[in-house]
Amino acid sequence: MRLWKYICEAGKKEVETQKPQGQQAVDLTGTVAKHYNELQEAGLETRKDSRIFFLRNFNNWIKSVVIGETINRLRDENTSDLKVSVLDLCAGKGGDLLKWRKGRISKLICADIAETSVEQSEVRYNDMVDKNSRDRYPQPIFKAEFIAADCTKKRLKDLYKDPSTEFDLCSCQFSFHYCFESIQQAEMMLRNACECLRLGGYFIGTTPNSYEILHRLRQTTDNSFGNDVYRITYQSDDIENIPLFGAKYNFHLEGVVDCPEFLVNFQALEKLAEEFGMKLVLRKPFAEYFKEKSEHGDHSSLLRKMKALETYPADRESNLVSEKPEDYKTVEAVVKHLQESDDQAADDRHRRPVKVGTLSQAEWEATTIYCVFVFQKVVDKRTGQTFTPKNQETHKRPADDQNRTDLSESKTQKLT
Ligand SMILES: C[S@@+](CC[C@H](N)C(=O)[O-])C[C@H]1O[C@@H](n2cnc3c(N)ncnc32)[C@H](O)[C@@H]1O
């Protein structure tokens, strides 16, 4: 508790000292909302031609796995016919609607600061319901509610049609970091994520891994690192004195994002979450999460179905997503090695070219900035009631240095 008090006080002080003298601190939520509101929704064809086609699919695969596994876990820990109710915090244009449908949830509330995105997600949802009703065998589809609000400043509970709504799951994908602008915003975001969760409910998400970002920043001399797909530029030269809140950097992702973001201090996040009865169950860098989950049969076939990896070698070199040979240097060596072992094992008639699924090095470096997190509500702060899951896995918090990625690590999966 003393540590937490220290974190809070330090956080508040930092926010104060960051304000230019005699002025209000610049509030960046407006900039973020404007950016996402103006973002055009690319059609399927445009997306296919994109330099980050596989990166986007890969990130989508990670979301599918964490969402799918958490819904399964909820049903395991409760009853198999649990009517799952979900809050999609910073839901954007509704990119996860199909995942919720696949998870057979019963109720969804989507909230986002960008009004245009909220409208688009509602249209998408209505199209999905319409299309389903015209199907020969319509399936039940979850009820949905859409809210345009700054989730770091507005208490969402006051905006729900039914303020007594309880959720089994809150999902915040690729968005949580925006709330680390200030302690007040982080507190409000966590309040929104956790206060309406029922005991045993989960708060899951994907967010940039600040350990990884700092590790990469320390290897540069100009506060900036990246490649032709992404770039991170930290606000100041002083990377040894990172503020707990408001540690701003600019994030650029080719053709999709160009926005101020904030480093998430995971210790502060855990402490803040504790105030809402939440316990960290898992935090894993994407590289590690991919390695673990891609070995699982269902997830591995989903990788293919979602086109989350690029086939290497391609039929023609010009079919590769990157024109730079160095983007395929590691995978080239892996294929060579696999081909040699296959050739030794097979006789002449059965020799076949080895193909693997992979990501170009530049996309791999971009996606491995992120990590997955899972919290569970283990204490109801109002009643003091506690929750002990049926299959409690003892969570070992990863040491900070285990939260970094070895970029030469294999990112391939044999296809044939
Ligand atoms: C990278 S997008 C992710 C969208 C969606 N979760 C997904 O995975 O497809 C980040 C989203 O966070 C939203 N966002 C940023 N700051 C926010 C805030 N303060 N309150 C609510 N939404 C916010 C943006 O409008 C945007 O839709």
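Here the structure is a predicted model, which is why all the values come from computation and not from measurement.

Asks: How should the UniProt feature "site: mRNA cap binding" (unreviewed entry) in the protein be read in this particular structure?
Replies: Those places that UniProt annotates as "site: mRNA cap binding" (unreviewed entry) correspond, in this numbering, to Lys93, Lys99, Arg124, His177, Glu261 and Tyr370. Over a stretch of 278 residues, the named residues are scattered through the fold, their C-alpha atoms separated by up to 27.4 Å. In this structure, Arg124 sits in helix α6 (residues 115-134). We classify Arg124 as partly exposed; its relative accessible area is 31%. Locating Tyr370 in the fold gives a position in strand β13 (residues 370-377). Those residues within four positions of Tyr370 in sequence are excluded, and the remaining contacts are Phe174, Thr207, Pro208, Asn209, Phe251, Pro285 and Phe286.

Asks: Which parts of the structure should I look at to understand the pattern of salt bridges?
Replies: A side chain with one charge can pair with a side chain of the opposite charge if their charged atoms come near. Under the criterion given, the structure shown has 19 salt bridges. The shortest N-O distance in the salt bridge between Lys63 and Asp96 comes to 2.9 Å. In this pair, Lys63 sits in helix α4 (residues 53-77) while Asp96 sits in the loop between β1 (85-89) and α5 (97-102), placing the two residues 33 residues apart along the sequence. For the pair shown, Lys63 and Asp96 are each scored as buried.

Asks: Help me out: how do you make sense of the site of the ligand in this one?
Replies: Around the ligand, 18 residues are found, and the nearest of them are Lys63, Cys90, Asp112, Asp150 and Gln173. Within the backbone of Cys90, a nitrogen or oxygen atom sits 2.7 Å from a nitrogen atom of the ligand. In this structure, Cys151 approaches the ligand through a main-chain N or O atom, which is 2.9 Å from a nitrogen atom. In isolation the ligand exposes 590 Å². Once the protein is present, 90% of that is buried.

Asks: Would you mind going over the packing of aromatic side chains with me for this structure?
Replies: Centre distance and the angle of the planes are the two values used to describe a pair of aromatic rings. Under the defined criterion, the tally for this structure stands at 24 aromatic pairs. Centre to centre, the rings of Phe203 and Phe375 are 6.1 Å apart; their planes meet at 20 degrees, and the pair counts as stacked. One end of the pair, Phe203, is in strand β5 (residues 197-208); the other, Phe375, is in strand β13, and 172 residues separate them in sequence. Here the two residues Phe203 and Phe375 agree in accessibility, since each one is buried. Within the aromatic cluster, the residues linked to one another by ring pairs are Phe176, Phe180, Phe203, Phe245, Phe373 and Phe375. Against the face of Phe266 rests Arg283, its NZ or CZ located 4.5 Å from the ring centre.

Asks: Help me understand the sheet that holds strand β8 (residues 248-253), please; the structure alone is not making it clear to me.
Replies: Through backbone hydrogen bonds, the strands of a sheet pair up, either in parallel or in antiparallel fashion. Spatially, β6-β7-β8-β9 is the arrangement adopted by the 4 strands of the open sheet, whose pairing is antiparallel. The open sheet has two edge strands, β6 (224-226) and β9 (257-262), and neither has a second partner. Averaged over neighbouring strand pairs, the angle between their axes works out to 15 degrees when direction is ignored. In this structure, strand β7 (residues 230-234) lies alongside β8, joined through 5 bridges in antiparallel fashion. Bridging from a neighbouring strand, Thr233 pairs with Asn250 of β8. Strands in contact with helix α8 (residues 210-218) are β6, β7 and β8; relative to β6, the strand with the most contacts, it is inclined by about 110 degrees.

Asks: What should I look at first to understand the sheet that holds strand β11 (residues 310-312) in this one?
Replies: Pairing is antiparallel in the open sheet, where 3 strands are placed in the order β11-β12-β14. The open sheet has two edge strands, β11 and β14 (413-414), and neither has a second partner. Taken together, the 3 bridges between β11 and strand β12 (residues 356-358) define a ladder with antiparallel strand orientation. Across the sheet, residue Thr311 finds its bridge partner in β12, namely Gly357. Here helix α12 (residues 329-345) sits on the sheet in contact with β11, β12 and β14, set at roughly 165 degrees to β12.

Reading guide: rules and limits
Residues numbered from 1 in each chain as written. Predicted model: local features only at pLDDT ≥ 70, side-chain atom pairs only at ≥ 80, totals over all residues. Heavy atoms only, no water. UniProt positions renumbered as here; feature names shortened; annotations may be inferred. Helix = DSSP H or I, 4+ residues; strand = E, 2+ residues; numbered from the N terminus. Buried < 20%, exposed > 50% of the residue type's maximum accessible area, 1.4 Å probe, protein only. Contact = heavy atoms within 4.5 Å. Salt bridge = Lys/Arg side-chain N within 4 Å of Asp/Glu carboxyl O. Near = heavy atom within 4 Å. Polar contact = N/O pair within 3.5 Å; in protein donor to acceptor, adjacent residues only side chain to side chain. Areas by Shrake-Rupley, 256 points an atom, 1.4 Å probe, with all protein chains shown as cover. Phe/Tyr/Trp six-rings, centres within 6.5 Å; stacked < 30°, edge-to-face > 60°. Lys NZ or Arg CZ within 6 Å of the ring centre and 35° of its normal. Pairing = 2+ DSSP bridges. Axes fitted to C-alpha atoms, helices over the stretch in contact; angles between N-to-C directions.

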